[in-house]
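Coordinate inspection notes
This is what each chain is made of:
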Amino acid sequence: MGFRDRAEELRTRPLVEVGTSLYLRDRDAFASVLGSAIALRLFLFVVPANIALISLVHLLHLTSVFQSSLESSVTTGELASTFSEVTFWSQLWTFVSSGVLTVWAGRSLARVLATGSTSAWQMPAHTAKVGVRGVVGLSSVLFGILLMAAVLDRVRDVGGVAISMLGWVGVFAMVTAGWFVLSLTLPRPSSDPGSLIPGVLVVGLGFTVLQWFMQFYLPRKIAESSDRLGDLSATVAALSYFFFIGRIIAGAFVLSAVTYERFGSISTQLFELRGIRTMSARWPRLRRYFDQPT
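Read on for a plain summary of the structure. Predicted model only: the values in this text are computed from it and were never measured.

**Comments concerning the overall build of the chain**
- If you tally the helices and strands in the chain, you get 13 helices and 0 strands.
- Secondary structure elements of the chain, listed N to C terminal, follow the sequence α-α-α-α-α-α-α-α-α-α-α-α-α.
- In the chain, which comprises 294 residues, the share counted as buried stands at 40%.
- A separation threshold of at least 6 residues defines the contact pool for the chain, and within that pool the share at least 24 residues apart is 75%.
- Here the chain displays about 16600 Å² of accessible surface, and carbon together with sulfur accounts for 67% of that area.

In structure tokens:
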């Protein structure tokens, strides 16, 4: 058997064919470029969002609960340690102004995410739009993820190994649920929420792994290299973190699109269940929302 025959045989295998489809779609959707664009917008979002979060913690007098978690973070540590010296009115103004900047950055981020989703699903460019409700929803979900991450950090700090593991499970569940809600606002050819599940799971798992890396492994490496590189090591670490998050998100769009086109949605199997089939017969709108044939 020649090389070309062997290559053709491998190409017809399901896993190889799916992998090839993912690679080609990732290339055609310019996922690497869009991942970098998402990383930049995400950075511009997280900076004012973290400032708003720190301001909110001080305004609500919750510093005794969250101060240690905020100070230990790579992104909020230096700011959180000095914010207690700011007056109440300055804290209030900082919260309002940073909140406005967060929504503005959320608008830019939402447009890039819509472009990434449109490219992955091979939809026309003019469909890459997100309304005001989508922008506000995206900003609220991402800010809620930051807030819940701080809460779970505190839970892990006061607990043992079991509580710490439970906290990481909570981070995965929180990010997965939040990204699922956020993804519902992005353009896609099918209204079926089940089409989003593969990409949502990848984003949740990828974010959780990167959070663990940033909180447990990276601080020690930064401390070891700070004598040589100074603050540059923390800056490189933060930018790399956002780059990987952006790349994971862009790849998740591609994964959802290719998986749905090749294998369909889990909703199809769910609507074969007797109870759900009976329910959908009584409410046809439910079947239409999940893009199931009537």
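After that view, the rundown keeps rolling.
**Description of helix α6 (residues 88-120)**
- Its 33 residues place the ends of α6 46 Å apart at the C-alpha level, agreeing with the 48 Å of an ideal helix rising 1.5 Å per residue.
- After α6 finishes, the residue Q122 shows a positive phi value of roughly 55°.

**With respect to a nonpolar patch on the surface**
- Residues I197, L201, I266, L270 and L273 make up a contiguous nonpolar surface patch of roughly 400 Å² in combined accessible area.
- Within the secondary structure, L270 is located in helix α11 (residues 266-270).

**Description of the pattern of salt bridges**
- By the definition in use, this model includes 3 salt bridges.
- Across the pair R247 and D26 runs a salt bridge, and its minimum N-O distance is 2.8 Å. With R247 in helix α10 (residues 232-263) and D26 in helix α2 (residues 14-28), the pair connects residues that are 221 residues apart, well separated along the chain.
- The exposure class assigned to R247 is partly exposed, which follows from its relative accessible area of 24%.
- Ionic pairing is found between D28 and R27, a salt bridge with its closest N-O pair at 3.4 Å.

**Points about the packing of aromatic side chains**
- Counting across every chain of the model gives 5 aromatic pairs.
- With a centroid separation of 5.4 Å and an interplanar angle of 80°, the aromatic rings of F43 and F242 are classed as edge-to-face. Here the residue F43 occupies a position in helix α3 (residues 31-59), and F242 occupies one in helix α10, the gap between them amounting to 199 residues.
- For F43, a relative accessible area of 30% puts it in the partly exposed group.
- What makes F242 buried here is its relative accessible area of 5%.

**Some words on unusual backbone geometry**
- The backbone phi angle of F30 is positive, close to 50°, even though this residue is not glycine.
- Overall, F30 belongs to the exposed group, its relative accessible area being 58%.
- With a phi angle near 55°, Q122 is a residue other than glycine that sits in the positive phi range.
- Looking at the secondary structure, you find Q122 in the loop between α6 and α7 (132-158).

**Quick look at empty space enclosed by the protein**
- Tallying each qualifying case throughout the model produces 3 cavities of 30 Å³ or more.
- Counted as a void, the largest cavity has a volume near 100 Å³.
- In terms of lining, the largest cavity is formed by 13 residues, of which the most central are W121, S183, L196, F253 and S256.
- For the lining of the largest cavity, the secondary-structure elements that each account for two or more residues are α8 (161-183), α9 (197-229) and α10.
- Broken down by element, the residue count for the lining of the largest cavity peaks at 3 residues, all from α10.
- The class makeup of the residues in the lining of the largest cavity is 8 nonpolar, 4 polar and 1 charged.
- Here the second largest cavity defines a volume of roughly 50 Å³.
- Elements with a contribution of two residues or more to the lining of the second largest cavity: α3, α6 and α10.
- Of the residues assigned to the lining of the second largest cavity, the class counts are 8 nonpolar, 1 polar and no charged.

**A closer look at the side chain of S98**
- For S98, the position within the fold is in helix α6.
- From its side chain, S98 meets the backbone nitrogen of A52 in a polar contact 3.4 Å long.
- There is a polar contact of 3.1 Å between the side chain of S98 and the backbone oxygen of F95.
- Contact partners of S98, with chain neighbours within four places excluded, come to P48, I51 and A52.

**With respect to the nonpolar core**
- Counting 48 residues, the largest nonpolar core has L109, L113, W179, L182 and I249 as its most contacted members.
- Counting only elements with at least two residues in this core, the list comes to α3, α6, α7, α8, α9 and α10.
- Of all the elements, α3 adds the most residues to this core, at 11 residues.
- When sequence neighbours within four positions are dropped, the list of residues in contact with I249 reads I38, L113, W179 and V203.

Cut-off values and rules
Residues numbered from 1 in each chain as written. Predicted model: local features only at pLDDT ≥ 70, side-chain atom pairs only at ≥ 80, totals over all residues. Heavy atoms only, no water. Helix = DSSP H or I, 4+ residues; strand = E, 2+ residues; numbered from the N terminus. Buried < 20%, exposed > 50% of the residue type's maximum accessible area, 1.4 Å probe, protein only. Contact = heavy atoms within 4.5 Å. Areas by Shrake-Rupley, 256 points an atom, 1.4 Å probe, with all protein chains shown as cover. Expected span 1.5 Å × (residues − 1). Patch = residues over 30% accessible without salt bridge, like charges linked within 9 Å, V, L, I, M, F, W, Y side chains within 5 Å. Salt bridge = Lys/Arg side-chain N within 4 Å of Asp/Glu carboxyl O. Phe/Tyr/Trp six-rings, centres within 6.5 Å; stacked < 30°, edge-to-face > 60°. 1 Å grid on protein atoms, 1.4 Å probe; cavity = no way out; pocket = protein on both sides within 12 Å on 5 of 7 lines; lining within 4 Å. Points joined across faces, edges and corners; volume = space filled by probe spheres on them. Nonpolar A, V, L, I, M, F, W, Y, C, P; charged D, E, K, R; others polar. Polar contact = N/O pair within 3.5 Å; in protein donor to acceptor, adjacent residues only side chain to side chain. Core = buried A, V, L, I, M, F, W, Y, C linked by side-chain atoms within 4.5 Å.

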